[in-house]
Amino acid sequence: MTTSFAVDPSRGRFVEHPQMSEVVLKTENLSKSYSVKHKTIPALKDLSLEIKRGELVAIMGHSGSGKTTLLSILGCLDKPTSGSVYLDGVNLAALHGSQLTKIRRNKIGFVFQSFNLLPYLNARENVELAMESTGMSKSERSARATELLALVGLSGREEHRPQQLSAGEQQRVAIARALANKPSVILADELTGNLDGKTKYEITKLLVKLNLDGTTIVLVTHDQKVAGESERVIRLASGRIKSEGKGNLAKRKEKHGSVKGAPTPEEIKADGFYDADEASS
Ligand SMILES: Nc1ncnc2c1ncn2[C@@H]1O[C@H](COP(=O)(O)OP(=O)(O)OP(=O)(O)O)[C@@H](O)[C@H]1O
Ligand SMILES: [Mg+2]
C-alpha cells in the first residue's frame, strides 16, 4: 500500500496525513480504441488503476503502448471507448461540455514536452492566462503568477518571453502555469523529453520538491532515471499494465519521512540518477 505524506506546519516535517491517502484518479476496466479507415486500433485494454493524493507516479512503456492515450483520458482531453474514470470521486462519463472544460481548467494541470507557451506573452502573463476565468482580479492573478514563478525558481525572469528563456526555464514556466489553479493532479507527458541531462535532473528535482510539498503528479516518461526518482513506476505494454514497482521517492519517503523538500544532489547522485558526464556535456 502506498503511504502519502503532507507537511505538518506545526512541526515542519512530513507526516502521514489521513485525508491525503484518498484516491484522486481511478480507472475501472478502461479501454480505448481508435478507428482509422475502418480499422480498429486498440490503444488501452481493460486498464484499472488508482492514483492516490500526494503520489508521484511515473508511467513508462514502449512507443505506442498507450501512455499518451491514458494521460489524455485521465485529463478529460479524450473519452474512453468503455470503462470508467473517476476524478476526485466524480465519474467523468457523467459530465458534458462546459462541466468537462471546468474540470480540465480547475482540477488538472497539464505539462507537455513542447512547453506550449504563448510566444508573445512573457513568463508571468503565460501563467496569469491560466487563471483568466477564475474570477480573480488582474492584480491577484499577477501576484499569484509571480509567486508560482518564484516557486519553480524563476524569480527575476517574469518579464522574459519564451524565446528569451532556456528550454529548462520554459518548462518551469509551463509547470508554474500547470500549478496555477491548484489542480488535484499534474499530468505531464514527456516533460523532460527536450531537455539535456543536467536540465532534466533540475526539472526532476523540482517535481520531487513539488510532490513533497503535496502535489499529486502523474508523469509519462521514456527516461529510466526520471522514472526511477518517482514514487511508483507503472509500465504499460500494448495498452495494459505490465508491471508496477517502487521508485526512489517511495524508498526515500519510507526512510526519511522527516526530510522536507527535494533530495540533495548528493542523494540523487547516490541513487544513480545524476551522471556527472552527462551534466558536463
Ligand atoms: N488519434 C489517434 N488515431 C488513431 N490511432 C491512434 C491515435 N492516437 C494514438 N493512436 C494509436 O494508439 C496507440 C497508442 O498510442 P499512444 O500515443 O497512446 O502511445 P504512447 O505510449 O504515448 O507512445 P509514445 O511513447 O510514442 O508517445 C498507438 O498504436 C497509436 O498508433
Ligand atoms: Mg506518447
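Residues numbered from 1 in each chain as written. Chains lettered and ligands numbered in written order. Predicted model: local features only at pLDDT ≥ 70, side-chain atom pairs only at ≥ 80, totals over all residues.

Brief notes about the overall build of the protein
Here is step 1 of the chain: For the protein, the count of helices and strands is 10 helices and 12 strands.
Here is step 2 of the chain: Counting over 281 residues, the protein shows a buried share of 42%.
Here is step 3 of the chain: The long-range fraction of contacts in the protein, counting pairs at least 24 apart against all pairs at least 6 apart in sequence, stands at 68%. (Helix = DSSP H or I, 4+ residues; strand = E, 2+ residues; numbered from the N terminus. Buried ≥ 20, exposed ≤ 12 C-beta atoms within 10 Å, placed from the backbone. Contact = placed C-beta atoms within 7 Å.)

Thoughts on the sheet that holds strand E9 (residues 185-189)
Here is step 1 of the chain: If you trace the six strands from one edge of the open sheet to the other, you get E8-E9-E10-E5-E11-E12, paired in mixed fashion. At either end of the open sheet lies a strand with only one pairing partner, and these are strand E8 (108-112) and strand E12 (240-246). Sheet twist, expressed as the mean angle between neighbouring strand axes with direction ignored, is 20 degrees.
Here is step 2 of the chain: Note that strand E5 (residues 56-60) and strand E11 (residues 232-237) share four bridges and pair parallel. By the bridge assignment for E11, Ala-58 is matched with Val-233.
Here is step 3 of the chain: Contacts from helix H5 (residues 167-179) reach E8 and E9, with the element oriented near 165 degrees to E8. (Pairing = 2+ DSSP bridges. Axes fitted to C-alpha atoms, helices over the stretch in contact; angles between N-to-C directions.)

Let's talk about the site of ligand 1
Here is step 1 of the chain: Around ligand 1, a shell composed of Tyr-34, Val-36, Ile-41, Ala-43, Gly-61, Ser-63, Gly-64, Ser-65, Gly-66, Lys-67, Thr-68 and Thr-69 is seen.
Here is step 2 of the chain: If you list the elements that add at least two residues to the shell around ligand 1, you get strand E3 (23-36), strand E4 (39-52) and helix H1 (67-74).
Here is step 3 of the chain: Examining the composition of the shell around ligand 1, we find that three residues originate from one element, H1, more than from any other. (Near = placed C-beta within 6 Å.)

Quick look at the packing of H5 against helix H6 (residues 197-212)
Here is step 1 of the chain: At their nearest, the axes of H5 and H6 sit 10 Å apart, and the two run at 20 degrees to each other. It follows that H5 is roughly parallel to H6 by the angle criterion. As H5 runs across H6, the sense of the crossing is right-handed. The segment H5 lies against H6, with Ala-167, Gly-168, Gln-171, Arg-172 and Ile-175 engaging Thr-199, Glu-202, Ile-203 and Leu-206. (Parallel < 35°, antiparallel > 145°, perpendicular 65-115°, else oblique. Left-handed = near helix turned anticlockwise from the far one by under 90°.)

Some points on the environment of Ala-167
Here is step 1 of the chain: Structurally, Ala-167 is set in helix H5.
Here is step 2 of the chain: Discounting chain neighbours no more than four positions away, the residues touching Ala-167 are Asn-194, Leu-195 and Thr-199.

Concerning the confidence of the model for the protein
Here is step 1 of the chain: For the protein, per-residue confidence averages 85 on the pLDDT scale, and 83% of positions sit at 70 or higher.
Here is step 2 of the chain: The low-confidence segment residues 1-21, where pLDDT is below 50, has 43 contacts with residues more than four positions distant or belonging to other chains.
Here is step 3 of the chain: This stretch, residues 272-281, has a pLDDT under 50; its non-local contacts, to residues over four places away or in other chains, come to 16 contacts. (pLDDT = per-residue confidence, 0-100.)

Overview of the nonpolar core
Here is step 1 of the chain: Ile-59, Val-127, Leu-187, Val-218 and Leu-219 are the most contacted members of the largest nonpolar core, which has 62 residues in total.
Here is step 2 of the chain: Here the element with the most residues in this core is H5; it accounts for six residues. (Core = buried A, V, L, I, M, F, W, Y, C linked by C-beta atoms within 7 Å.)

Examining H6
Here is step 1 of the chain: The end-to-end C-alpha distance of H6 is 22 Å, a good match for the 22 Å that 16 residues give at a rise of 1.5 Å each.
Here is step 2 of the chain: Among the residues of H6, those classed as buried are Lys-200, Tyr-201, Glu-202, Ile-203, Thr-204, Lys-205, Leu-207, Val-208, Leu-210, Asn-211 and Leu-212.
Here is step 3 of the chain: The positive-phi residue at the C-terminal boundary of H6 is Gly-214, with phi of around 115 degrees. (Expected span 1.5 Å × (residues − 1).)

Comments concerning the environment of Leu-117
Here is step 1 of the chain: Position of Leu-117 relative to the elements: it lies in the loop between E8 and helix H3 (123-129).
Here is step 2 of the chain: Between the alpha carbons of Leu-117 and Gln-163 there is a distance of 9.9 Å; along the sequence they are 46 residues apart.
Here is step 3 of the chain: Excluding residues that lie within four positions of it along the chain, Leu-117 makes contacts with Asn-126, Pro-162, Gln-170, Val-173 and Ala-174.

Section: the sheet that holds strand E7 (residues 90-91)
Here is step 1 of the chain: The four strands lie next to each other as E4-E3-E6-E7, forming an open sheet whose pairing is antiparallel. The open sheet has two free edges, formed respectively by E4 and E7, since each of these has just one partner strand.
Here is step 2 of the chain: Bridge count between E3 and E4: 10 bridges; the pairing is antiparallel. Looking at E4, one finds that Ser-35 is bridged to Thr-40.

Considerations on helix H8 (residues 248-255)
Here is step 1 of the chain: By the burial criterion, the buried members of H8 are Asn-248, Leu-249 and Lys-253. For H8, the angular spread of the buried residues around the axis is 135 degrees, confining them to a single face. In H8, the exposed residues that point more than 90 degrees away from the buried face are Lys-251, Glu-254 and Lys-255. (Arc of directions from axis to C-beta.)

Quick look at the pairing of E5
Here is step 1 of the chain: Among the five residues in E5, five count as buried, and that is most of the element.
Here is step 2 of the chain: Going residue by residue along E5, you find Leu-56, Ala-58 and Met-60 tucked away on one face and Val-57 and Ile-59 tucked away on the opposite face as well.
Here is step 3 of the chain: In this sheet, strand E10 (residues 217-220) lies alongside E5 in parallel orientation, the contact comprising four bridges. Note that in E10 the partner of Leu-56 across the bridge is Ile-217.

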